[in-house]
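Now for the letters of each chain:
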Amino acid sequence: MPWNNNSGGGGGGPWGGGGQGGGPWGGKDNKPRGPFGGGPKPPDIEEVLRKGQDRLKNLMPGGMGSARGIVLIGLAVLVVWLLTGFYRVETNQQAIELVFGRPRDVPTGEGLQYNLPGPIGRVIKVDVTNQRSVTIGVGAAPDGRATRGQRTLATTENLMLTGDENILDVGFVVFWQVADSVKYVFNIPNPDETVKAAAESAMRQVIGRSQLQFAQTEGRSRIEQEAREEIQSMLNSYGAGIRITQLQLRQSDPPVQVIADFRDVQAARADKDRRINEANGYRNEILPRAKGEAEAIVQAAEAYRLEILNRAEGDAQRFISVYNQYTLAKDITTQRIYLETMEQILRKVNKVLIDKNGGGVVPYLPLPELRRAPGGAEPSPQPVPGGTR
């Protein structure tokens, strides 16, 4: 056999340990060995227990039922019970220590801490750093948006009435953290439901004060801010120990059932705005022109006023100057005024001259008519009898 020892006396199996024969786990003295022949047989459990009891009896003379034994056992149990009061608080946690059900005023921070173990004491650990969120709006996707089919199944928590009596399908997410772990644990039984109810109520109040167009366009950021403040105010009144860190308004659209009618209304409003813009453009074109024409008329009237005023002032000055001359030489001024007046009166009438001394009608040569004679040639002046022309 390949396992035979040719130099020794007796052969052995592959696990043989010497020259004497034996079983696969046997040694030279054929005593029991380990399963691979590498050591002694494991100790007997009963033998170990019996030896332990003997040692305990030596420590406690009089046996387990003696007073000293009972005290030692009680002390050992007490030490073990007290050691179970150590606990560890992680970085993102706060621990609330309770003694006889009454919490301490200040939670403990991170690290190894100690509190009386149960049933006297108890420790409640609260995560105070991680962001928690509540989504308002059934059918919202993880990214905060909802498909048309999902939003069809939305319940009434999505539907909110605006200030102008329109209905909006509103979806939003509220992010919050634990601000006071003691209030958080003992004042509200279900934090998620409490935050959700407060958020829905606050958003309905804010949407109810807003117009539809405002809530869909430029008013979204303002609505987020007002709703967050309303939620925080409600939770503070509850003593919830919760801080609202952020509110994101994900959707503010009309309900799916009336989306087609809403689009028609939007188109009509767009037409209205277009017509208003066209009217404003026409007004901006006409008004400057009308203002220019009005200004021209005003300036012409002002020029006419100045002309009439200056003429009247000139006539008044002329009359005054004539009057001044009349006061100086009445006869001469009267004769001159008479002649000027007669000149103006007789300029355009036919005239007949009569001698005031009784000489009869004085012949008169109509020079203006002769100047307009046919042929255009001016006749030469003719002498008039009596020396008068």
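All values derive from a computational prediction rather than experimental measurement.

**Looking at the overall build of the protein**
Assigned secondary structure in the protein consists of 10 helices and 11 strands. Of all 389 residues assigned to the protein, the portion counted as buried reaches 21%. Residue pairs in contact within the protein that sit at least 24 positions apart in sequence constitute 62% of those at least 6 positions apart. Counting only carbon and sulfur atoms, one obtains 56% of the accessible surface of the protein, whose full area is about 27,600 Å².

**A few points about helix H7 (residues 220–238)**
Taking 1.5 Å of rise per residue, the 19 residues of H7 would be expected to cover 27 Å, and the 27 Å separating its terminal C-alpha atoms lies within 8% of that figure. Turning to H7, its buried residues are Ile223, Ala227, Ile231, Gln232, Met234 and Leu235. Taken around the axis of H7, the buried residues stretch over an arc of 160°, which confines them to a single face. Those residues of H7 that are exposed and aimed more than 90 degrees away from the buried face are Ser221, Asn236 and Ser237. At its buried positions, H7 is contacted by strand S8 (167–178), helix H5 (191–208), helix H6 (212–216) and strand S9 (242–253). Remark: Gly239 follows H7 within two positions and exhibits a positive phi of approximately 65°.

**Notes on the packing of helix H8 (residues 259–328) against helix H9 (residues 330–346)**
Helix packing for two helices is described by the angle between their axes and how far apart those axes are. Contact pair H8 / H9: the axes reach a minimum separation of 6 Å and the direction vectors enclose 135°. The angle between H8 and H9 places the two elements in the oblique class. In this structure, H8 contributes Val322, Gln325, Tyr326 and Leu328 to the contact, and H9 contributes Lys330, Thr333, Thr334, Arg336 and Ile337. Grouping the constituent residues of the contact of H8 with H9 by class yields 4 nonpolar, 3 polar and 2 charged.

**Quick look at the pattern of salt bridges**
Applying the stated criterion across every chain yields a total of 9 salt bridges. Between Arg209 and Glu226 there is a salt bridge, and its shortest N-O distance comes to 3.7 Å. Taken together, the residues span a long stretch of sequence, with Arg209 in the loop between H5 and H6 and Glu226 in helix H7 at a distance of 17 residues. Residue class for Glu226 comes out partly exposed when judged on its relative accessible area of 23%. A salt bridge links Glu285 to Arg289; the nearest nitrogen and oxygen atoms lie 3.6 Å apart. Pair noted here: Glu285 and Arg289 are both in helix H8, with a separation of 4 residues, about one helical turn. Among the residues examined, Glu285 registers a relative accessible area of 46% and is labelled partly exposed.

**Concerning the pairing of strand S2 (residues 93–99)**
Bridge analysis of S2 against strand S5 (residues 121–127) gives 7 bridges, and the strand direction is antiparallel. Bridging from a neighbouring strand, Gln93 pairs with Asp127 of S5. Taken together, the 2 bridges between S2 and strand S3 (residues 102–103) define a ladder with antiparallel strand orientation. Note on S3: the bridge partner recorded for Leu98 is Pro103. Counting the residues in the hairpin turn of S2 and S3 gives 2 residues, including Phe100, whose phi is positive at 55°.

**Some remarks on the packing of H5 against H7**
At a closest axis distance of 8 Å, the pairing of H5 and H7 adopts a crossing angle of 135°. Taken together, the axis directions place H5 and H7 in an arrangement best described as oblique. In this structure, H5 meets H7 at a crossing whose hand is right-handed. When H5 is examined against H7, the residues Thr194, Val195, Ala198, Ala199, Ser201, Ala202, Met203, Gln205, Val206 and Ile207 are found in contact with a partner set consisting of Ile223, Glu226, Ala227, Glu230, Ile231, Met234, Leu235 and Tyr238. Counted by class, the contact of H5 with H7 contains 13 nonpolar, 3 polar and 2 charged residues.

**Looking at the nonpolar core**
Core analysis: the largest hydrophobic core is formed by 37 residues, its most contacted members being Phe172, Met203, Ile231 and Ile242. Examining the composition of this core, we find that 7 residues originate from one element, H5, more than from any other. Ignoring sequence-local partners within four residues, the contact set of Met203 consists of Met160, Val170, Phe172, Ile223, Ala227, Leu247 and Leu249.

**Looking at the side chain of Gln177**
Topologically, Gln177 is positioned in strand S8. Owing to a relative accessible area of 13%, Gln177 belongs among the buried residues under this scheme. At 2.7 Å, the side chain of Gln177 and the backbone oxygen of Thr129 are in polar contact. Reaching out from Gln177, the side chain makes a polar contact with the side chain of Arg243 at a distance of 2.8 Å. Aside from chain neighbours lying at most four places away, what touches Gln177 is Val128, Thr129, Asn130, Gln131, Gly241, Ile242, Arg243 and Thr245.

**With respect to the sheet that holds S5**
Taking strand neighbours across the sheet as the criterion, the 3 strands line up as S3-S2-S5 in an open arrangement whose pairing is antiparallel. Every interior strand has two partners, whereas the edge strands, S3 and S5, have only one.

**Notes on the confidence of the model for the protein**
Parts of the prediction with low pLDDT should not have their coordinates interpreted in detail. With 71% of its residues at a pLDDT of 70 or more, the protein has an overall mean of 76. The weakest mean pLDDT in the protein belongs to helix H3 (residues 148–152) at 44; the strongest belongs to H7 at 92. Contacts of residues 1–28 to residues separated by more than four positions or lying in other chains number 23 contacts, the stretch itself having pLDDT below 50. With pLDDT under 50 throughout, residues 140–154 is counted as low confidence; its partners more than four residues away or in other chains account for 22 contacts.

**Notes on a nonpolar patch on the surface**
Taken together, Val71, Leu72, Leu75, Leu78, Val79, Leu82, Leu83, Phe86, Leu112, Tyr114 and Leu116 make up a surface patch of nonpolar side chains, about 970 Å² in accessible area. The set of elements that each furnish at least two residues to the nonpolar patch consists of helix H2 (67–83) and strand S4 (111–114). Along the polypeptide, Leu72 turns up in helix H2. In this structure Leu72 comes out as partly exposed when scored by relative accessible area, which is 38%.

Each value, and the rule that gives it
- Starting afresh in each chain, residues are numbered from 1 along the sequence in its written order.
- At least 70 in pLDDT is required for a residue's local features to be given in this predicted model, at least 80 for side-chain atom pairs to be given and counted, and no such filter applies to totals for whole chains, interfaces and linings, which use all residues.
- Derived side-chain values reflect all non-hydrogen atoms in the structure, with water molecules and hydrogen atoms excluded from consideration.
- The secondary structure listing takes helices from DSSP runs of H or I that are at least 4 residues long and strands from runs of E that are at least 2 residues long, numbered from the N terminus.
- A simple rule labels every residue: compare its accessible area, found with a 1.4 Å probe on the protein chains alone, to the largest value its type can have, and call it buried under 20%, exposed over 50%, or partly exposed in between.
- Note on contacts: a residue pair is in contact if any heavy atoms of the two residues lie within 4.5 Å.
- Only the protein chains shown count as cover for residues, and all accessible areas are computed by the Shrake-Rupley method using a 1.4 Å probe.
- For a helix, the expected span equals 1.5 Å multiplied by the residue count minus one.
- Taken from the helix axis, the directions to the C-beta atoms give the arc we talk about.
- Here an axis means a line fitted to C-alpha atoms, over the contact stretch when the element is a helix, while the angle between two N-to-C directions is reported on a 0 to 180 degree scale.
- Angles are sorted into four bins: roughly parallel if under 35 degrees, roughly antiparallel if over 145, roughly perpendicular if 65 to 115, and oblique for all others.
- Ten residues, namely Ala, Val, Leu, Ile, Met, Phe, Trp, Tyr, Cys and Pro, are considered nonpolar, four, namely Asp, Glu, Lys and Arg, are considered charged, and the remaining ones, Gly among them, are considered polar.
- The working definition used for a salt bridge is a side-chain nitrogen of Lys or Arg within 4 Å of a carboxyl oxygen of Asp or Glu.
- Whether two strands pair comes down to DSSP finding at least two bridges between them.
- Left-handed describes a crossing whose near helix is turned anticlockwise from the far helix through less than a right angle; right-handed describes the clockwise counterpart.
- Residues enter a nonpolar core if they are buried and are Ala, Val, Leu, Ile, Met, Phe, Trp, Tyr or Cys, with the set joined through side-chain atoms within 4.5 Å.
- In protein, a polar contact means a hydrogen-donor-capable atom and an acceptor-capable atom, both N or O and within 3.5 Å, with residues adjacent in sequence counting only if both atoms are side-chain atoms; elsewhere, any N or O pair within 3.5 Å suffices.
- What pLDDT reports is the predictor's confidence in each residue, on a scale of 0 through 100.
- Distance thresholds for patches are 9 Å for like charges and 5 Å for nonpolar side chains (Val, Leu, Ile, Met, Phe, Trp, Tyr), applied to residues having over 30% relative accessible area and no salt bridge.

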